[in-house]
Amino acid sequence: MRTKLTRLLGIEYPILMGAMAWITTAKLVAAVSNGGGAGVLGSGGRDDSWVRDQIRETKELTDKPFGINVSLETTPLRDKIVDAIIDEGISFVTLGAGDPRPFIPKFKTAGIKVVCIIPNTKLAKRIEAAGADMIVIEGMESGGRIGNLTTMALMTNVLPEVGLPVVVAGGIADGRGLAAALIMGACGVQIGSRFLLSEECESHPSNAQAIINATDTDSITTGWSRGMGMRGLRSAFSDKYLEMEVSGAPLARLNEFATGCSRKVAEEGVGPDGMNGIVQCGEGLVPLRRIQPAAEIIREVIEEAESLLKTAPELVK
């Protein structure tokens, strides 16, 4: 299956892995890339030493293209991380949570392709004008930090307005989502939550089991009223956070309550009392029912998408 995404990144299938802080490390990233997709290291919360070590370790595990995500709000670590990426050399970066425009020339001069994650049409046009190689439009159905627009709304609004290759993210968990995105005019999809159920994922095992046990109504959003929406599975922690949020607790108190929870959940799970945090995952929960090798996940997504796309012409006969 060849698209602008596969040609740009030199990969076999139009699947980009969504970077997840504290979770997408060398083992999983290499497995996704070896399976024909594009693995992406998650540098959120890390430092430049970790970035150097993980890039080197990933290169030992795969000779396929892979990338790294940089959260642009993490100053002053951000600048050291950017320098480390350029020093080590990598196929591409994905940039989000801030204005990527000042960083685009620096990466491109180093021969690193730039993929920007954006939440609306205005920013998509600005990023295109700034010289990015590709954009990811990420709907509010995605896990972790979310924007205000749905995946379908972003496809409807953004795809006709830009000439850049566009990858679609947010609630996509199987081949049906890939087929829909391609028919809408995208060049591929970004998938995160399903790779939490990969054998190579080093997140705490209870997190995968929580996703397997969940249904669509178990997806919740915290922090929405404060402009810092975070999506994941309901837990005792989310219930307490929402109680504080609705009652008008100061933002500083909410931040203090949530500080460190992403790492804690990744390493320990939500805990027996459910108070470590939330399992960050998207709304596409029902199809997520078993743990598989990452390569098998990719193969299933592609086979399902190809089957659907082959039958599509029958609809217009």
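Refer to the preceding data block for the structure.
## A look at the overall build of the protein chain
Point 1. What the protein chain contains, in helices and strands, is 13 helices and 11 strands.
Point 2. Relative to the 2.2 N^0.38 estimate, which gives 20 Å for 317 residues, the radius of gyration of the protein chain is 19 Å and therefore close to what a compact globule would have.
Point 3. Once the C-alpha set of the protein chain is aligned to its principal axes, its extents read approximately 50 × 50 × 40 Å.
Point 4. Taken across its 317 residues, the protein chain has 52% of its residues classed as buried.
Point 5. Counted over contacts in the protein chain with a minimum sequence separation of 6, partners at least 24 positions apart contribute 62%.
Point 6. About 13800 Å² of surface is accessible on the protein chain, with carbon and sulfur atoms providing 51% of the total.
Point 7. The distance from the centre of the 33 positive side-chain charges to the centre of the 38 negative ones in the protein chain is 4 Å.

## Considerations on the side chain of arginine 46
Point 1. The residue arginine 46 is located in the loop between strand E2 (39–42) and helix H3 (48–61) in this model.
Point 2. Lacking a salt bridge, the buried arginine 46 has glutamate 267 as its closest oppositely charged neighbour, with an N-O distance of 5.7 Å.
Point 3. With residues near it in sequence (within four places) discarded, arginine 46 still touches Trp22, Thr25, Leu77 and Ile81.

## Describing the sheet that holds strand E11 (residues 230–233)
Within a sheet, adjacent strands bond to each other through the backbone by hydrogen bonds, running parallel or antiparallel.
Point 1. One open sheet holds the three strands; their spatial order is E7-E11-E10, and the pairing between them is antiparallel. What marks the edges here is a single partner per strand, and that holds for strand E7 (144–145) and strand E10 (219–222).
Point 2. In the packing of helix H10 (residues 236–246) onto the sheet, contacts are made with E10 and E11, and the angle to E10 comes to roughly 40°.

## Quick notes on the pattern of salt bridges
Pairing between side chains of opposite charge can happen when their charged atoms approach one another.
Point 1. Scanning the model with the defined rule gives 15 salt bridges in all.
Point 2. The partner of lysine 106 in a salt bridge is aspartate 83, and the shortest N-O contact between them spans 3.0 Å. Taken together, the residues span a long stretch of sequence, with lysine 106 in helix H5 (residues 104–109) and aspartate 83 in helix H4 (residues 77–88) at a distance of 23 residues.
Point 3. Using a relative accessible area of 41% as the deciding quantity, one classes lysine 106 as partly exposed.
Point 4. Via salt bridges that share partners, Arg52, Arg56, Asp87 and Glu88 belong to a single interconnected network.

## Observations concerning the packing of aromatic side chains
Point 1. All chains considered together, the criterion is met by three aromatic pairs.
Point 2. Ring plane angle 5° and centroid distance 4.7 Å describe the contact between phenylalanine 237 and phenylalanine 257, whose orientation is recorded as stacked. Remark: phenylalanine 257 occurs in helix H11 (residues 251–258) and phenylalanine 237 occurs in helix H10; sequence separation between them is 20 residues.
Point 3. Accessibility expressed as a relative area gives 4% for phenylalanine 237, which makes it buried.
Point 4. Note on phenylalanine 257: relative accessible area 26%, which makes it partly exposed.
Point 5. Note on tyrosine 241 and phenylalanine 257: the rings are 6.3 Å apart at their centroids and 40° apart in plane angle, and the pair reads as tilted. Here tyrosine 241, found in helix H10, pairs with phenylalanine 257, found in helix H11; they are 16 residues apart in sequence, far enough to count as distant.
Point 6. Members of the aromatic cluster, joined through ring pairs, are Phe237, Tyr241 and Phe257.

## What to know about the nonpolar core
Point 1. Counting residues in hydrophobic clusters, the biggest one holds 75 residues, and the most contacted among them are Ile85, Val93, Phe107, Ile135, Ile137, Phe195 and Ile211.
Point 2. Take this core: its biggest share by element is six residues, from helix H13 (residues 294–311).
Point 3. Dropping the residues within four chain positions of it, valine 93 is found in contact with Ile68, Ile85, Phe107, Ile112, Lys113, Val114 and Val115.
Point 4. Formed by 13 residues, the second largest nonpolar core is a distinct cluster that contains Ile11, Leu16, Val40 and Cys187.

## Focus: the pairing of strand E9 (residues 188–191)
Point 1. Of the two faces of E9, the one carrying Gly188 and Gln190 and the one carrying Val189 and Ile191 are both buried.
Point 2. Here strand E1 (residues 15–17) pairs with E9 via three bridges, running parallel. Considered in E9, the bridge of isoleucine 15 is made with valine 189.
Point 3. Judged from the three bridges that link them, strand E8 (residues 166–169) and E9 form a sheet pairing that is parallel. Directly across from valine 167, in E9, lies its bridge partner glycine 188.
Point 4. Crossover handedness for the path E8 to helix H8 (residues 175–184) to E9: right-handed.

Criteria and thresholds
- Residues numbered from 1 in each chain as written.
- Predicted model: local features only at pLDDT ≥ 70, side-chain atom pairs only at ≥ 80, totals over all residues.
- Heavy atoms only, no water.
- Helix = DSSP H or I, 4+ residues; strand = E, 2+ residues; numbered from the N terminus.
- Rg over C-alpha atoms; globule rule 2.2 N^0.38 Å.
- Buried < 20%, exposed > 50% of the residue type's maximum accessible area, 1.4 Å probe, protein only.
- Contact = heavy atoms within 4.5 Å.
- Areas by Shrake-Rupley, 256 points an atom, 1.4 Å probe, with all protein chains shown as cover.
- Lys, Arg positive; Asp, Glu negative; His and termini not counted.
- Charge placed at Lys NZ, Arg CZ, Asp CG, Glu CD.
- Salt bridge = Lys/Arg side-chain N within 4 Å of Asp/Glu carboxyl O.
- Pairing = 2+ DSSP bridges.
- Axes fitted to C-alpha atoms, helices over the stretch in contact; angles between N-to-C directions.
- Phe/Tyr/Trp six-rings, centres within 6.5 Å; stacked < 30°, edge-to-face > 60°.
- Core = buried A, V, L, I, M, F, W, Y, C linked by side-chain atoms within 4.5 Å.
- Right-handed = clockwise from strand over helix to strand, strands pointing away.

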